Structure formats: C-alpha cells, structure tokens
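# Coordinate inspection notes
Listed below are the residues making up each chain.
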Amino acid sequence: MRSQNGTILPLSGDTMTNDAELALPKLALIVSDSAKAQAGARVLHDSHDWVAPQEADVLVVLGGDGFLLHVLHELLDRDAIKPVYGMNLGTVGFLMNGPLDDDAIARRVAEAHRVPVRPLCMNATTQDGQEFSYHAINEVSLLRETRQTAKLEIRINGRVRLEELAGDGILLATPVGSTAYNLSAHGPILPLGSRMVAMTPLNPFRPRRWKGAILPESAEVELRILEPGKRPVAAVADQKEVRDVATVRINATAEKELTLLFDPGFTLEERIFAEQFQV
C-alpha cells in the first residue's frame, strides 16, 4: 500500500513473535515523504538487513508524530498490528524516539521499553441512518458544524449523566492523546497505564462550570445530538470525520491494542509525567 505521506509495502495479519525472539528482531523500515526523513533513511539503509513489513517483527518508522499515527491507523484498518519503533525526523516527536546515533538500530529496538496503547472505538450513526466505525489513538471529538452551539446528551453505561451540554462540543481522550487536543482544551493529563479516559467539554456554555470527567476505560459512552437538524454535529476519530451525526458510541478496545517501543530513559510515560510541570 502507498500512504499519503510515504511508501508502505503491503502488510499481513502476522503479529509479533514472543519476547525471546525479540532479541534478534526482524525490522522493516517505513519512511515519511519528508526530505528530512528520506535523508535519514539513506543513512540507515545500509546499516541493517531490512525485511518487508509482512516479514518483520517490528516496524521502524521515520518521520513525525503525524506520520506515525498514520502508520498505526493503517495497521488497525488492515488488522495487521505489529510493534512500532518511531524515530523522530519530524517536528515535535512526542510519540517518537530520538534521532539517529551510533547505536545499531537492531540493538535499540531489542532493548526498547514496550508501551501498550488501547485505541478508542467510535461507532457513529448519522441522521439518515448510516453507520460508521473508526478507531482513535488520540481522541474522539464531537464538534458543532455551524454557528449554532451543539447540544448533547451524555449517557454512560446506559445512564443519563448530563441531560444537556451546550457548547462547541466534547472530546474523549486516551492517555496517549491526553497531552494533545485534550490538554489544549484544559483537560486532564492521564498517566499511561491508568486505564482511564478523559471527557473534556469544548467551550461549554451550559452548564458553564462543568469541567468534564475522568472515566474508567471500561465505560460505555453514548452521546446523543439534541436538535440535530438545527444544530448539526460532526464526529471525528483522530483524522476521520463523520458529519451530521445523531448518536455516537465510544469505548476502548483491548482487541486492537497497539505497542509502541521506546528507548530506555526516553519513555512516553516520562514525557507525559514531565508535561504536567511545563509552565
């Protein structure tokens, strides 16, 4: 398959082998189209005996956070989940490891710390009855489509918890996504491994003082659009959008658990922890 940002060979449904075999991992190289990533790929190309993605134990991704998320979504969509080791040759690189150095790439991957990431599953039904299902690694957002405020009813595990939220919308963020859009919307940062989800309102008008909630990962969330004809709402799972929704159901899915690999001392958990002390 060819991605919108880089070239990716076809992937099979094979999953990673056990930890003993990780000592000598078979690696595939997936590279963003950016000039910086392409230059890094040329440096790495002759330093390791790369294999095709369908034969690999681990995918090594060169680029930025956006490209890494794109690759992870490709794995989810094709049900071809493998551990991913990202190398930052983009900008922020929050989900990535440091850039190239003198250490052999196979050694870096073999010694890497494993971080499980459970995506959210969004099931959206439109006003005309169409159904869509997408996964979100960062967050699911419901956003007003017009100048009119969105009005939402919030149900958790079948029980109405908020009869009406009026504002720009709402989002549910994973621990990985809690430092992204969620943090910008003044939502809480969630530690990795917390098995929690952040529910954060977006510019709430009523109830004005409601700041959101932290929910267990096991919670079944249903969001119903009130007055959908007058106040249309779009639902977005990371970059995948469904417009004119009537209801949206969201839950975390263990069946699609992803694995990110990080260098020792350079873990995502440490970065999320440090983010809470940024001023």
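The rules behind these values
Residues numbered from 1 in each chain as written. Predicted model: local features only at pLDDT ≥ 70, side-chain atom pairs only at ≥ 80, totals over all residues. Heavy atoms only, no water. Patch = residues over 30% accessible without salt bridge, like charges linked within 9 Å, V, L, I, M, F, W, Y side chains within 5 Å. Areas by Shrake-Rupley, 256 points an atom, 1.4 Å probe, with all protein chains shown as cover. Salt bridge = Lys/Arg side-chain N within 4 Å of Asp/Glu carboxyl O. Lys, Arg positive; Asp, Glu negative; His and termini not counted. Charge placed at Lys NZ, Arg CZ, Asp CG, Glu CD. Helix = DSSP H or I, 4+ residues; strand = E, 2+ residues; numbered from the N terminus. Buried < 20%, exposed > 50% of the residue type's maximum accessible area, 1.4 Å probe, protein only. Expected span 1.5 Å × (residues − 1). Pairing = 2+ DSSP bridges. Phe/Tyr/Trp six-rings, centres within 6.5 Å; stacked < 30°, edge-to-face > 60°. Lys NZ or Arg CZ within 6 Å of the ring centre and 35° of its normal. 1 Å grid on protein atoms, 1.4 Å probe; cavity = no way out; pocket = protein on both sides within 12 Å on 5 of 7 lines; lining within 4 Å. Points joined across faces, edges and corners; volume = space filled by probe spheres on them. Nonpolar A, V, L, I, M, F, W, Y, C, P; charged D, E, K, R; others polar. Axes fitted to C-alpha atoms, helices over the stretch in contact; angles between N-to-C directions. Arc of directions from axis to C-beta. Contact = heavy atoms within 4.5 Å.

## Quick look at a positive patch on the surface
On the surface, a cluster of positive charge is contributed by R206, R208, R209 and K211. For R208, the position within the fold is in the loop between β12 (196–202) and β13 (213–216). A relative accessible area of 47% means that R208 is categorised as partly exposed.

## Concerning helix α2 (residues 65–77)
With 13 residues, α2 should cover 18 Å at 1.5 Å per step; its first-to-last C-alpha distance of 18 Å lies within 8% of that length. When you tally the buried positions in α2, you get 11 out of 13 residues, the bulk of the element. If you check which residues of α2 are buried, you get D65, F67, L68, L69, H70, V71, L72, H73, E74, L75 and L76. One or two steps after α2, the chain reaches D79, where phi turns positive at roughly 50°.

## Quick notes on the pairing of strand β18 (residues 258–262)
Burial analysis of β18 places 5 of its 5 residues in the buried class, which makes it a mostly covered element. A two-sided burial pattern is seen for β18, the buried positions comprising L258, L260 and F262 on one face and T259 and L261 on the other. Note that strand β4 (residues 84–88) and β18 share 2 bridges and pair parallel. Across the sheet, the residue bridging to V84 is L260, located in β18.

## Comments concerning the packing of aromatic side chains
Going through the model one piece at a time under the given rule, you end up with 1 aromatic pair. When the ring of F132 is compared with that of Y134, the centres are 6.5 Å apart and the planes differ by 20°; the resulting orientation is stacked. Classification of F132 by relative accessible area gives partly exposed; the value is 27%. Overall, the relative accessible area of 24% leaves Y134 in the partly exposed class. Across the ring face of F205, the terminal group of R206 is positioned such that the distance to the ring centre comes to 4.5 Å.

## So, empty space enclosed by the protein
Per the counting criterion, the structure on display carries 1 cavity of 30 Å³ or more. Quantified by volume, the largest cavity comes out at close to 50 Å³. In terms of lining residues, the largest cavity is bounded by L120, L172, V197, L215, P216, E217, A219, V221, I250, N251 and A252. At 3 residues, strand β17 (residues 245–252) tops the list of elements feeding residues into the lining of the largest cavity. In terms of residue class, the lining of the largest cavity is built from 9 nonpolar, 1 polar and 1 charged.

## Thoughts on the sheet that holds strand β7 (residues 131–136)
Read from one edge of the open sheet, 6 strands run β7-β6-β17-β14-β9-β10, paired in antiparallel fashion. Every other strand in the sheet has two partners, leaving β7 and β10 (159–167) as the edge strands with one partner each. For this sheet the average axis-to-axis angle between neighbouring strands, irrespective of direction, equals 20°. Across 5 bridges, strand β9 (residues 150–156) lies against strand β14 (residues 221–225) in antiparallel orientation.

## Description of helix α5 (residues 268–275)
Those residues of α5 lying buried are L268, R271 and I272. An end-on view of α5 places all buried positions within 100° of arc, on one side of the element. Buried residues along α5 sit in contact with β18.

## Some details on the sheet that holds β12
The strand order across the open sheet formed by 6 strands is β13-β12-β11-β8-β15-β16, and the pairing between neighbours is antiparallel. Two strands close off the open sheet at either side, each with one partner strand: β13 and β16 (240–242). The average angle at which neighbouring strand axes cross in this sheet is 20°, direction not considered. In terms of strand pairing, strand β11 (residues 169–173) meets β12 through 5 bridges, oriented antiparallel. The residue of β12 that forms the bridge with I170 is P201.

## With respect to the environment of V92
Within the secondary structure, V92 sits in the loop between β4 and α3 (105–110). Along the primary structure V92 and D65 are separated by 27 residues, whereas in three dimensions their C-alpha atoms are 7.2 Å apart.

## Brief notes about the pattern of salt bridges
Under the defined criterion, the tally for this structure stands at 17 salt bridges. The salt bridge partner of R144 is D168, with a shortest N-O separation of 2.5 Å. You can see R144 sitting in strand β8 (residues 139–144) and its partner D168 sitting in the loop between β10 and β11, a full 24 residues away along the chain. In this structure, the salt-bridge partner of R243 is E145, at a minimum N-O distance of 3.4 Å. One end of the pair, R243, is in the loop between β16 and β17; the other, E145, is in the loop between β8 and β9, with 98 residues separating them in the sequence. Residue classification places R243 among the partly exposed residues on the basis of a relative accessible area of 44%. A single salt-bridge network, built from bridges that share partners, covers R118, R195, E217 and E257.

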